[in-house]
Structure formats: C-alpha cells, structure tokens
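For reference, the chains in residue letters:
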Amino acid sequence: MTKVAHEYMEKMGIKDTQYIIGRHFDKEHPHVHIAFNRIDNNGKTISDRNDQFRSEKMCKELTAKYGLYFAGGKEKVKEYRLKEPDKTKYEIYQALKAEIARCRDWTTLLSHLKEQDIDVRFKYKGNSQDVQGVIFEKNGYHFNGSKVDRSFSYSKIDFALQQNNREHDQQMQETTNLISNIADVTSEITNDLIEGGLGLFQTHGTVPAEVYNTLDKKKKKKKRKIHL
C-alpha cells in the first residue's frame, strides 16, 4: 500500500515535501489517506491545477496496474461507523439526494431541508447578486455543496431543479392533451350513439309503404281469428 501511495504521489507531482500516509479503518476495504505540504522543501508551491481529474486518472491507472478495485460509492457507506463531521455530511448528502429529486425550485428545496434541520447559505460573486456557491449547515458543521458531493454544487443543483420543472411542465401538457383527446373521442362516440338511437325510432319511415300495409293487415286478421 505504501509503494502504491508513493507511486501515486510521484505521478501527481507531490515530491520533495512533507507528507503523511495514513491507513484508515472506517471501511471494510483497505485504503489510505495522504496529507502533504503544498509548499515543498525549496519553498515552491506544488500545483493543484486540475488535481481532481488528474487524481482520478492516476487512480484508474494504478488500479489496472496492480489489479486493485474501486471502493463502493456513498450508497454503500456504513453510516453507523462514521464519526463527526463525516456523519453529518453523510446525513446532508442523503437529504439532498432525496429532496433535489422531488423539488422544482430553490424555495421548496430550502423549506424541505429546513424541516430536517439543514440550513443553507449562498456565496455571491463580489458585491453582486450572482450566486456562485452554496453552503449547507447542520449540527454546527458546514460544508460547501461540492464537498458533500460533486453533484451538489450550486450550478448542478440549480440545473437539476430546472430540469425537474421542465419535466413537470411537459408531463402536465401531456396529461392535458390526453384529457382533451379522450374528451374528443367521447364526444364522437356520444354523437354516434345519439344518431343511432334516433334511427331506432324511425322504423315506419324506413319500411316501404306496401310492406308496412301488409304487416298491418296480418295483425288485423290475427285479431279476428282470436275473437272467433
């Protein structure tokens, strides 16, 4: 594990600096955490540019090279083993995952989160009203949205809410169209039944006069026969 960690650091450009590699036992699969000083021994700053994407790439390469496996996502976290502040962060993650899926705007989302004792603050760009970030607070801890999960940055949550709203409007329009179509079909069927029903009361008019007269005479003869 130490060898893999050192190779990872080398590929990430983390060298000639102070560092700690610590084994972590909060999950069943073996793993380590690395903490390092971004100011190296020569006083130069170790770049963190695109470190998230570079780190993911390096992890995949090392996983394939050493026949390792990727740890399960947040869905497989054993919550009872978490300690603070990770426990609170996971609670916020679970709440956001459930509420964002069923909310269509920020007002509703904030209300639902408040019911779960989660407060929300927004970060603004300079002195403007342009929101550039979101912070979630609970149990005295606070986390940037992207620190809870990549999908919970302000921009991604905002996009998800707008998408939910568009899907809702589309479903409502489809429902309205369906009701309208059913009403049209029902109206046509009703008209056909009314027209057909009226035809049932026009028998005499549709039977030739000579046939009707014959039927009428037979009825009269039948009545005479009964009297005899």
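See the structure above.
A brief look at the structure comes next. (Residues numbered from 1 in each chain as written. Predicted model: local features only at pLDDT ≥ 70, side-chain atom pairs only at ≥ 80, totals over all residues. Heavy atoms only, no water.)

1. Details of the overall build of the protein chain
- In terms of helices and strands, the protein chain carries 8 helices and 5 strands.
- Shown N-terminal to C-terminal, the secondary structure of the protein chain runs as helices and strands in the order α-β-β-α-α-α-β-β-β-α-α-α-α.
- Taken across its 228 residues, the protein chain has 21% of its residues classed as buried.
- Total accessible area on the protein chain is roughly 17,200 Å²; 53% of this is exposed by carbon and sulfur atoms. (Helix = DSSP H or I, 4+ residues; strand = E, 2+ residues; numbered from the N terminus. Buried < 20%, exposed > 50% of the residue type's maximum accessible area, 1.4 Å probe, protein only. Areas by Shrake-Rupley, 256 points an atom, 1.4 Å probe, with all protein chains shown as cover.)

2. Describing the environment of Glu99
- One can find Glu99 in helix α3 (residues 86-102).
- In the structure, Glu99 is positioned 13 residues away from His112 in sequence and 7.1 Å away in space, judged by C-alpha atoms.
- Beyond its immediate sequence surroundings of up to four residues, Glu99 is in contact with Leu109, His112, Leu113 and Gln116.
- Of note is the side chain of Glu99, whose polar atom sits 2.8 Å from the side chain of His112. (Contact = heavy atoms within 4.5 Å. Polar contact = N/O pair within 3.5 Å; in protein donor to acceptor, adjacent residues only side chain to side chain.)

3. A few points about helix α1 (residues 2-12)
- When α1 is considered as a whole, its buried residues turn out to be Ala5, Glu7, Tyr8, Met9 and Met12.
- A positive backbone phi angle near 80° is found at Gly13, which sits one or two residues after α1.

4. Quick look at the side chain of Asn164
- Inspection of the secondary structure assignment puts Asn164 in helix α6 (residues 154-200).
- Judged by relative accessible area, which is 17%, Asn164 ranks as buried.
- For Asn164, the side chain forms a polar contact with the main-chain oxygen of Cys103, separated by 2.8 Å.
- In this view, Asn164 contacts Ile100, Ala101, Arg102, Cys103 and Arg104; residues no more than four positions away in its chain are not counted.

5. What to know about the packing of α3 against helix α4 (residues 106-114)
- At their nearest, the axes of α3 and α4 sit 10 Å apart, and the two run at 145° to each other. When you trace α3 past α4, the crossing you get is right-handed. From α3, Ala95, Leu96, Glu99, Ile100 and Arg102 reach across to α4, where they touch Leu109, His112 and Leu113.
- Here the contact of α3 with α4 is composed, by residue class, of 5 nonpolar, 1 polar and 2 charged. (Axes fitted to C-alpha atoms, helices over the stretch in contact; angles between N-to-C directions. Left-handed = near helix turned anticlockwise from the far one by under 90°. Nonpolar A, V, L, I, M, F, W, Y, C, P; charged D, E, K, R; others polar.)

6. A closer look at the packing of aromatic side chains
- Scanning all chains against the criterion turns up 5 aromatic pairs.
- An angle of 15° between the planes, with centres 5.2 Å apart, marks the rings of Trp106 and Tyr154 as stacked. With a gap of 48 residues between them, Trp106 in helix α4 and Tyr154 in helix α6 connect regions that are remote in the sequence.
- Judged by relative accessible area, Trp106 falls into the buried class, the value being 14%.
- Taking 6.0 Å as the distance between ring centres and 90° as the angle between the ring planes, the aromatic pair formed by Phe122 and Tyr154 counts as edge-to-face. One end of the pair, Phe122, is in strand β3 (residues 119-124); the other, Tyr154, is in helix α6, and 32 residues separate them in sequence.
- Using a relative accessible area of 25% as the deciding quantity, one classes Phe122 as partly exposed.
- Put simply, the rings of Tyr90, Tyr93 and Phe152 pair up and form one aromatic cluster. (Phe/Tyr/Trp six-rings, centres within 6.5 Å; stacked < 30°, edge-to-face > 60°.)

7. Quick notes on α4
- When α4 is considered as a whole, its buried residues turn out to be Trp106, Leu109, His112 and Leu113. An end-on view of α4 places all buried positions within 130° of arc, on one side of the element. Away from the buried face of α4 by more than 90 degrees, exposed residues Thr107 and Lys114 are located.
- The N-capping residue of α4, defined by a side-chain oxygen 3.2 Å from the backbone nitrogen of Thr107, is Asp105. (Arc of directions from axis to C-beta.)

8. Side note on the nonpolar core
- Among the nonpolar cores identified, the biggest contains 20 residues, and Leu96, Leu109, Phe136, Val148 and Ile157 are the most heavily contacted of them.
- Of all elements in the fold, only α3, α4, β4 (131-138) and α6 reach the threshold of two or more residues within this core.
- Per element, the largest residue contribution to this core is 6 residues, and it comes from α3.
- With near-sequence residues (within four places) excluded, Ile157 lies in contact with Ile100, Trp106, Leu109, Phe136, Ser151 and Phe152. (Core = buried A, V, L, I, M, F, W, Y, C linked by side-chain atoms within 4.5 Å.)

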